[in-house]
Amino acid sequence: MTKYIPHTSEDEQKMLAEMGLTRMSELFSEIPADLMLEEEPDLGPALSEYELRQYFRKLARQNVAGDNAAIFLGAGSYDHYIPAAVSALAGRSEFTTAYTPYQPEISQGTLQAIFEFQSYMTLLTGMDVSNASMYDGAMSLAEAVLMARAQSRRDHVLLAANIHPLYLETIKTYCVPHGITLDLLAYNETSGMLDTESIRSALKEDTAALVVALPSFHGIMQENLEEITSLVHNNKSLFIVSWDPTAAGLYKTPGSLGADIVTGEAQSLGQDLNFGGPYLGFIAVTEKLMRRLPGRIVGLSEDKDGRRAYVLTLQAREQHIRRDKATSNICTNQGLNALRAVIYLAFTGESGLREVAKQSYSKAHYLYDELLASGAWEKRFDGPFYKEFSLFYRGDCKLLNQALLDEGIIGGLRLSRVGDDESAYLIAVTEKRSREDMDRFVKIASTVYSAGKGGPK
Amino acid sequence: MRLKSEALLFEQGQEGRQAWSLPALDCEDRSSEIKPELARSEKLGLPALSELEVVRHFTALSQKNYSIDGGFYPLGSCTMKYNPKINEEVASLSAFSSLHPLQESSTVQGALAVLDELERHLSSLTGFDRFTFQPSAGAQGELVGLLTIRAYHESRGDNSRTKILVPDAAHGTNPASATSAGFKTVEIKSDSRGNMDLDALKAALGDDVAGLMLTNPNTLGLFETNILEITRLVHEAGGLLYYDGANANAIIGQCRPGDMGFDVCHLNLHKTFSTPHGGGGPGSGPVGVKEFLVPFLPKPMVEKDDNGNFYWDDNRPASIGKVHAFYGNFAVALRALAYIKSLGGGGLREVSSHAVLNANYIRVKLQDDWEPAVNRSSMHEVVFSGRKQKHKYGVTTLDVAKRLIDLGYHPPTMYFPLIVEEALMIEPTETESKETLDSFIAAMKQISREMKESPELLKEAPVKQPIGRPDEARAARLPRLTFAALSKDKD
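Summary of the structure given here. Worth saying up front: this structure is predicted, and the values here are computed from it rather than measured. (Residues numbered from 1 in each chain as written. Chains lettered and ligands numbered in written order. Predicted model: local features only at pLDDT ≥ 70, side-chain atom pairs only at ≥ 80, totals over all residues. Heavy atoms only, no water.)

1. What to know about the overall build of chain B
- For chain B, the helix and strand inventory stands at 16 helices and 13 strands.
- For 491 residues, the compact-globule formula gives about 23 Å, and the C-alpha radius of gyration of chain B, at 25 Å, lands near that figure.
- Expressed along its principal axes, the backbone C-alpha trace of chain B runs to roughly 75 × 70 × 45 Å.
- The burial tally for chain B puts 68% of its 491 residues in the buried class.
- Accessible surface computed for chain B: about 16,300 Å², of which carbon and sulfur atoms make up 48%.
- Averaged over its 53 positive side-chain charges, chain B has a centre that lies 5 Å from the centre of its 63 negative ones. (Helix = DSSP H or I, 4+ residues; strand = E, 2+ residues; numbered from the N terminus. Rg over C-alpha atoms; globule rule 2.2 N^0.38 Å. Buried < 20%, exposed > 50% of the residue type's maximum accessible area, 1.4 Å probe, protein only. Areas by Shrake-Rupley, 256 points an atom, 1.4 Å probe, with all protein chains shown as cover. Lys, Arg positive; Asp, Glu negative; His and termini not counted. Charge placed at Lys NZ, Arg CZ, Asp CG, Glu CD.)

See below:
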């Protein structure tokens, strides 16, 4: 018997007889004979459940993972602590094996959870409305750019050059078919931030939006935001911010500073690292932009007896109704990840979010100071950073990461991998990194540097 | 008796409650160094809840959901098959779930091996040469496929191809994706047999057509018997063929879109390959292409070096770029590989043959009660029209759906495809037994009798769920989309 297929040969015969057939192959009689495969595709043997388990455990052993090592990698994906309740609750099969909540009467669980997610995201961003999720931080930022262009009918967009390079690449891919001019706005190499003067001179009559990342790819929190917002709004452009939602633990929200659209990556809110996905994009806007939002949105209504009833709403924006005129083509989003984020936020609350941000901030600043004091590193930017920072390493970055790995530490990002200087390096620190791990990092980096200095050229 | 309403998290909790638990900070607290202009002083307004409050809340919410584990889900075009538990276990192995996407290649060989193996199997199954896993769902797969087609024509110096053809029965994401890729959509009508009208196709083809998007079988559950002619015509006119893999469950292991003349495709891992729907994702929409389109795929791609080690190849100058910061929904792809390895090629053949068996069984058993949209045998899904019932009894497909809910079933897909009046699309999938189908058929026959004898049972349905029919019109007219909107109501 084939796995998961319950039919016995008796079942098959009875069912075939009802339709006047005798053999299963007759079910495919309409398909041209020369298209039908003569042999079954060779995908290797079908494994029993026991063999399957062994097979994947063996493959997994070829990975070096953060459950056995301290991770100092960030760059859009962060190793924050996830409470046990997140997987325990989100893993309930009533949530995992449910479909999109198109039949509200039997989907109130999913619908209420999404409504709560939307509510939390408006609070963490300081905005009026959020949707039910996007694929990831990169795609949500790309869709925000398209939204700004649709709203303003302007074709020029300014992108801060210190936005995550992989996000910039994604924005480009999404914008190429639409004749949008994307200009990169250089950041100040000393501060790591945008200068308001350069924004002022770069804003044009046909600028739809200025796009800024908080924090930047290098972990820096842009200053002078109120002034920047004024400049942008005086130009009748939109201000788009790509935001780390955990930063709300300590920092003013972009909404409170006048942003029109806030997007970002909520992987930090309860998602496993998962080798890059599934993650959790979000998009939140002012009320004025509500009807331009892409994707699903849940609203609160009532049934005829006055009971609270959550429903998918404003569906006229979406592909299944507006088709070629929809605000976006998105259909399936990241529903289960949004559920995990709500559970995480329910658990963490305001005090917990502050604690996560405070610890990440403090530990990152501890490590930063210790690294600079060791003499093996050179300062790069003087702008204020949150939980991630970039430095120049005086030794060899590749050797550094290998040496760290030998000691059970997954080092930071060698920025040469994204076209930066050979010595440029990016380190993220979360509440999970112990002082001991950080001290070991400092020591190993110094050792590798010293060894390299005295060694043969 | 209906389950009681569950309060919002924002209506629960109390200041001072705490569920989170972290080690004490082991270095100095530096957060006061944040400048006042950046530091938040106002409260965010998040509720403070205890662990048990949170657990009870989400447990209560889960009990209001219908799910595959709870019952039959005959949603056409969604392929709601059983989601195997062993796949969940594999995906939760910490040596996969704790992997950071930017780790050095030498530390992630197991993960890269998963993607490489899945790519090879999907290629064998579909007849395409290479796959990317970056698209997070079918719609994003469509966008990638269409951008690939666009890049291909551009590379030939041909900038006149501004149109994408789609059948009038196409899923809404097809024209929406075409718009996202910068194309104008032209709809081609279906003929009386439910297939693409070849004359209409010929009339629409020209040197301004970039390509045709098709799913096969189509959204009526019917195989495009003229497929080889269709692909030949489009290629002759200089266009490319895009295969929408939403209905792949009908043909997997039997025949291959790559052999039918398609140049590019997407598959839905959360449909055909059993990964869970999650209440709206995460899905995965890998895109497969023939060799000549490989250079245009998103970057990076998994490659193997001379020493047999996997690495990410970013050196792809003709690539359309990226649609995801990293590599797509890896943990979903991992589940799909586990599924494929549980079944093997022979098992996947059994999947499609039993999917088609089940759908046709329902078709022959219900065709006296509901009018099949087209008088033909179906593949993995069957479409009925509720037209006669509406005209005779004033009972709509919506009413039928709501009554089905009270009889314990998730309704089939309603009002799609758009070309069928009062459409009801039923896709049972291969994981449902004959007994389940017989029970469903009995329920549908009961509804068929009720609409004549006691239509109020349908009109008032559902009466057994946590809520009755919501006022959806009001929700759209006066949107209340957050908890804050509720508080405004009270003022």
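2. What to know about the interface of chain B and chain A
- Contacts between the two partners involve 207 residues from chain B and, on the opposite side, 184 residues from chain A.
- Together chain B and chain A conceal approximately 16,700 Å² of surface at their shared face, both sides included; 62% is due to carbon and sulfur atoms.
- When the buried surface of chain B facing chain A is broken down by residue, B:L38, B:R40 and B:L481 rank first, second and third, together holding 5% of it.
- The interface formed by chain B and chain A holds 14 salt bridges in total.
- Where B:E89 meets A:R53, a salt bridge forms, and the shortest distance between an N and an O atom there is 2.6 Å.
- For the pair chain B and chain A, the number of links is 86 residue pairs in polar contact (both at pLDDT 80 or more).
- Tallying contributions element by element places helix 10 (residues 330-366) of chain B first for the side of chain B that touches chain A, with 28 residues.
- Tallied by class, residues from the side of chain B that touches chain A come to 100 nonpolar, 64 polar and 43 charged. (Contact = heavy atoms within 4.5 Å. Buried area = accessible area lost by both parts, 1.4 Å probe. Salt bridge = Lys/Arg side-chain N within 4 Å of Asp/Glu carboxyl O. Polar contact = N/O pair within 3.5 Å; in protein donor to acceptor, adjacent residues only side chain to side chain. Nonpolar A, V, L, I, M, F, W, Y, C, P; charged D, E, K, R; others polar.)

3. Considerations on the sheet that holds strand 2 (residues 163-167) of chain B
All names here are of chain B.
- Strand order in the open sheet made by the seven strands is 1-7-6-5-4-2-3, with mixed pairing throughout. Since the sheet does not close on itself, it has two edges, and those belong to strand 1 (130-132) and strand 3 (184-188), each with one partner. Across the sheet, the mean angle from the axis of one strand to that of its neighbour is 25 degrees, orientation sign disregarded.
- Summarising the sheet, strand 4 (residues 209-214) and strand 5 (residues 240-244) pair through four bridges and their orientation is parallel. Following the sheet pairing, G211 is matched in strand 5 by L240.
- Against the sheet, helix 8 (residues 227-236) engages strand 4 and strand 5, with an angle of about 140 degrees to strand 5. (Pairing = 2+ DSSP bridges. Axes fitted to C-alpha atoms, helices over the stretch in contact; angles between N-to-C directions.)

4. Quick look at the sheet that holds strand 11 (residues 377-378) of chain A
All names here are of chain A.
- Strands sit in the order 11-12-15-14 across an open sheet of four strands; the sheet is antiparallel. Of all strands in the sheet, those with a lone pairing partner are strand 11 and strand 14 (413-414), marking the two edges.
- One ladder, built from two bridges, connects strand 14 with strand 15 (residues 424-428); its direction is antiparallel. Looking at the pairing, R414 lines up with Y425 of strand 15.
- Packed onto the sheet, helix 11 (residues 335-374) meets strand 11, strand 12 (388-393) and strand 15 and runs at close to 10 degrees relative to strand 12.

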